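Here is how the chains run, residue by residue.
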Amino acid sequence: MAPSSIAILGGGLTGLSAAFHLSRRFPAAQITLLNKDIRFGGWVHSSRAKITLEDGRETSVLLEAGPRTLRPNSKSVLELINLLDLSSSLLTVPKSSPAARNRFLCLPGTQGLLRIPSSPLSLLTSVLSPKSSSLHSPLGHILLSAIAREPFRKWNRLSWLEDESVDDFLTRRFGSEFARIFGSALVHGIYAADSRELSVRAAFPSLWDAEERGRGSVMTGFLHSSRGSATAEVDDAPYQLGDVEEQMRGVSVYSFSQGISALVNALVRELRAHKNVRLLGGVSANGLRMNRRTAQFEITTSSRETLRATHVVSAVPLPSLNALLTPNTPLPHLTANPYSSVTVVNLVFVVSPGHTLHPEGFGYLVPRAVSGHAENTILGCVFDSSSMSAQEAPWSAEIVKMTAMLREPVVSVPRLIETLSQQLGIRLPDPLLVKVRDNVHCIPLLRVGHLQRIRDLSCVLRGEPWGGRLEVIGAGVGGVSVGDCVEAGRRAGRSWA
Ligand SMILES: Cc1cc2nc3c(=O)[nH]c(=O)nc-3n(C[C@H](O)[C@H](O)[C@H](O)COP(=O)(O)OP(=O)(O)OC[C@H]3O[C@@H](n4cnc5c(N)ncnc54)[C@H](O)[C@@H]3O)c2cc1C
């Protein structure tokens, strides 16, 4: 049955993307989107802060408290850039630039940064160069020995195993040191979580698939896929990319001159212009039930209006959806995954011309400590000035902007600056600006078994009383990246036509 009225719960990127695509696919349907916050965009939070330099000059800096850069591999986001006419405000970081090539780790309990070799050549150079050379890095040895040995390890996945943690997977194939250092750091950077809890199949499905393709060896599996065995993309609704895909050739990451909120603002502007769409900011859904007599959903809201809809898309965090349901129509697994919290600290420093406070690069991550040692509260730090300096005025070369990600709220800013100084191996000056934002329960930790639980949930949603007319999407279901969320919104309601 084609929908005549659609309610979308949640106005983060998932809900906004769903509203955009559903309004195009079902122009005759009345679409209402409810968002608890008055501001749309969920965790996307770009703002500009004014700063005054010592000589009295005024300027502004762009600060991100949520997502800050996107990878060009998500076609659904590129499509939005094209359809919403955002390409003129794109800022791209080429793969060849130091900001893309230089990524660092800071090993817990040590001072200074270690560069992660970014190519086979730099890996060899880092291993072969004399210890005194700046290129020498213990990371090179760990990486080289893990990668070189992996193809010779026998198939070691138990036949009944359907999923495991990222840490268990990497330990099995690449050894425990590799898993602790590289795996945990990567998971800190993306999920702000512990790699011992995160499902490898949900978070990094390409690793699991490569192991299968390579008959036990991940490296062999990857080699096979790069020899052209990748299957052609099958999609009944081809992406409308214009020339944006071409613009993204050779790009490592990108953002916009006004930050990631540019995407949210453009979606909101576009949706407000659609006659069949109603955006309600500052209105939360308080209850969701199916009225079996009218075969319509009834959504009670904080504005006391009861919304009725033939179809519903839930794009709110899964525990929030759980709280909306009545006890006699529960949905399974909505509270199975915990959510990580991240404190984001934007720091702006002023340096004399020609000086900097960190090496050119994307930033650094802090891996898990060796067991028995205290974990660092800093998960990593992004060097915004290296990658996205174009977000500031061209003469702002004296400004160094970086963002620290912490697993806990900040207790003392001077202590944080001291720890960052130790990690960077440089005495940081007093910052000109510090902005702290505690993002509480912001990133779902997709625990082992997540994919099976989502299959169970989909199965229940296809049955009575939902009949396939309630779709549950968002970061807690199909993946946390902005690309995953926008893609999920694009796919919403595909079975309703
Ligand atoms: C600090 C941080 C950094 C990140 N960095 C990156 C990055 O660099 N690159 C990247 O790709 N991804 C990044 N991510 C991940 C990505 O930003 C998020 O996964 C994504 O934005 C989630 O979108 P969503 O719409 O699914 O959920 P949310 O953003 O959580 O939106 C849910 C919305 O639902 C609303 N809501 C909740 N309950 C109700 C209710 N009862 N009724 C109505 N509305 C309700 C909320 O107000 C909110 O607006 C980052 C995330 C965080 C937190």
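Quick notes on the rules
- Residues numbered from 1 in each chain as written.
- Predicted model: local features only at pLDDT ≥ 70, side-chain atom pairs only at ≥ 80, totals over all residues.
- Heavy atoms only, no water.
- Helix = DSSP H or I, 4+ residues; strand = E, 2+ residues; numbered from the N terminus.
- Rg over C-alpha atoms; globule rule 2.2 N^0.38 Å.
- Buried < 20%, exposed > 50% of the residue type's maximum accessible area, 1.4 Å probe, protein only.
- Near = heavy atom within 4 Å.
- Polar contact = N/O pair within 3.5 Å; in protein donor to acceptor, adjacent residues only side chain to side chain.
- Areas by Shrake-Rupley, 256 points an atom, 1.4 Å probe, with all protein chains shown as cover.
- Nonpolar A, V, L, I, M, F, W, Y, C, P; charged D, E, K, R; others polar.
- Domains from an automatic or database assignment.
- Contact = heavy atoms within 4.5 Å.
- Buried area = accessible area lost by both parts, 1.4 Å probe.
- Core = buried A, V, L, I, M, F, W, Y, C linked by side-chain atoms within 4.5 Å.
- Pairing = 2+ DSSP bridges.
- Axes fitted to C-alpha atoms, helices over the stretch in contact; angles between N-to-C directions.
- Salt bridge = Lys/Arg side-chain N within 4 Å of Asp/Glu carboxyl O.
- Arc of directions from axis to C-beta.

Student: Talk me through the overall build of the protein; I want residue IDs and the actual numbers.
Tutor: Tallying secondary structure elements over the protein gives 18 helices and 19 strands in all. For a compact globule of 497 residues, the expected C-alpha radius of gyration is about 23 Å, and the protein comes in at 24 Å, within 12% of that figure. For the protein, the C-alpha atoms occupy an extent of roughly 75 × 65 × 45 Å along the three principal directions. For the protein, buried positions account for 54% of its 497 residues.

Student: Any details on the site of the ligand? Residues and values, ideally.
Tutor: If you check the shell around the ligand, you find 32 residues, and the closest are T14, N35, A285, V480 and V482. Here an oxygen atom of the ligand and a backbone polar atom of W43 are 3.0 Å apart. One of the backbone nitrogen or oxygen atoms of A475 is found 3.2 Å away from an oxygen atom of the ligand. Taken by itself the ligand offers 1,000 Å² of open surface, and the protein chains cover 89% of this. Sorting the residues of the shell around the ligand by element identifies α1 (13-25), β2 (30-35), β18 (433-444) and α18 (482-491) as the ones contributing at least two each. Here the residues of the shell around the ligand sort into 16 nonpolar, 13 polar and three charged. Each of domain 1 (5-43 + 261-337 + 445-496) and domain 2 (46-74 + 83-99 + 339-444) contributes no fewer than three residues to the shell around the ligand.

Student: Any details on the domain arrangement of the protein? Residues and values, ideally.
Tutor: Domain parsing of the protein yields domain 1 (5-43 + 261-337 + 445-496), domain 2 (46-74 + 83-99 + 339-444) and domain 3 (116-229). Between the C-alpha centres of domain 2 and domain 3 the distance comes to 27 Å. Domain 2 puts twelve residues into the contact, and the matching count from domain 3 is 15 residues. Buried surface at the junction of domain 2 and domain 3, summed over both partners, amounts to about 1,100 Å²; 59% is from carbon and sulfur atoms. When the buried surface of domain 2 facing domain 3 is broken down by residue, L365, P367 and R368 rank first, second and third, together holding 54% of it.

Student: How would you explain the nonpolar core if you had to name every residue and give the values?
Tutor: In terms of nonpolar packing, the biggest core is built from 47 residues, with I8, L22, I81, Y254 and L263 touching the most fellow members. The element contributing the most residues to this core is helix α12 (residues 261-272), with seven residues. The next biggest cluster of nonpolar side chains, apart from the first, holds 40 residues, and it includes F174, I181, Y191 and V342.

Student: Kindly report on helix α2 (residues 75-83), identifying the contributing residues and their values.
Tutor: When we look at burial in α2, the residues that qualify are S76, V77, L78, E79, L80 and I81. On the buried face of α2, the contacting elements are α1, β5 (90-94), α11 (244-247), β8 (251-256), α12 and α18. D85 sits one or two positions beyond α2 and adopts a positive phi of about 60 degrees.

Student: Please provide a residue-by-residue account of the sheet that holds strand β10 (residues 285-291), values included.
Tutor: In any sheet, the strands associate via hydrogen bonds between backbone groups, in a parallel or an antiparallel arrangement. In spatial order, the strands read β10-β11-β12; together these three strands make up an open sheet with antiparallel pairing. Strands with a single pairing partner mark the edges of an open sheet, and in this sheet they are β10 and β12 (306-309). Looking at each pair of strands side by side, their axes are set apart by 20 degrees on average, direction ignored.

Student: Break down unusual backbone geometry for me, citing the residues and quoting the values.
Tutor: Between E464 and the following residue, P465, the backbone shows a cis peptide bond with an omega angle of 5 degrees. Position of P465 relative to the elements: it lies in the loop between α16 (450-462) and β19 (470-472). A positive phi angle, near 55 degrees, is found at A295, a position not held by glycine. In this structure, A295 sits in the loop between β10 and β11 (296-301).

Student: Explain the environment of V440 to me, using residue names and the numbers behind them.
Tutor: Secondary-structure assignment places V440 in strand β18. Considering only alpha carbons, one finds V440 and S341, 99 residues apart in sequence, at a separation of 4.5 Å. Those residues in contact with V440 that sit more than four places away from it in its chain are W43 and S341.

Student: How would you sum up the pattern of salt bridges? Please name residues and give values.
Tutor: Under the definition given, this model contains 20 salt bridges. Put simply, E398 and R57 hold a salt bridge, and the shortest N to O gap is 2.8 Å. Taken together, the residues E398 in the loop between α14 (384-388) and β17 (399-406) and R57 in the loop between β3 (46-52) and β4 (58-64) connect sequence positions 341 residues apart. Among the residues examined, E398 registers a relative accessible area of 17% and is labelled buried. Look at R57 and you get partly exposed, because its relative accessible area is 31%. In this structure, the salt-bridge partner of R289 is E298, at a minimum N-O distance of 2.7 Å. What emerges from the salt-bridge pattern is a single network uniting R157, E164, R172, E211 and E212.

Student: I'd like to hear about the environment of A374, residue by residue, with values.
Tutor: Here A374 lies in the loop between β15 (363-365) and β16 (378-382). Sequence separation between A374 and S60 is 314 residues; the distance between their C-alpha atoms is 38 Å.

Student: Can you lay out the sheet that holds strand β13 (residues 311-314) for me, pointing to particular residues and giving the numbers?
Tutor: What the five strands build is an open sheet, ordered β9-β2-β1-β13-β19; its pairing is parallel. Each of the sheet's edge strands pairs with one partner strand only, and the pair in question is β9 (277-281) and β19. Adjacent strand axes in the sheet meet at a mean angle of 15 degrees, parallel and antiparallel pairs treated alike. Sheet topology places strand β1 (residues 5-9) next to β2; five bridges connect them, and they run parallel. Counterpart to I6 in the pairing with β2 is I31. This element, α1, spans β1, β2, β9 and β13 of the sheet and lies at about 175 degrees to β2.

Student: Explain the pairing of β1 to me, and be specific about the residues and the numbers.
Tutor: The element β1 is extensively covered by neighbouring structure, given that five of its five residues are classed as buried. Residue alternation in β1 divides its side chains into two sets, S5, A7 and L9 and I6 and I8, and both sets are buried. Bridge count for β1 against β13 is four bridges, and the pairing is parallel. Residue pairing for β13: A7 is matched across the bridge by V312.

Student: Pulling in residues and values, what's your account of helix α9 (residues 205-213)?
Tutor: Considered for burial, the residues of α9 that qualify are L207, W208, A210 and E211. Along the axis of α9, the buried positions cluster into a sector of 160 degrees, meaning they face one direction only. Of the residues trailing α9, R215 is marked for its positive phi of about 50 degrees.

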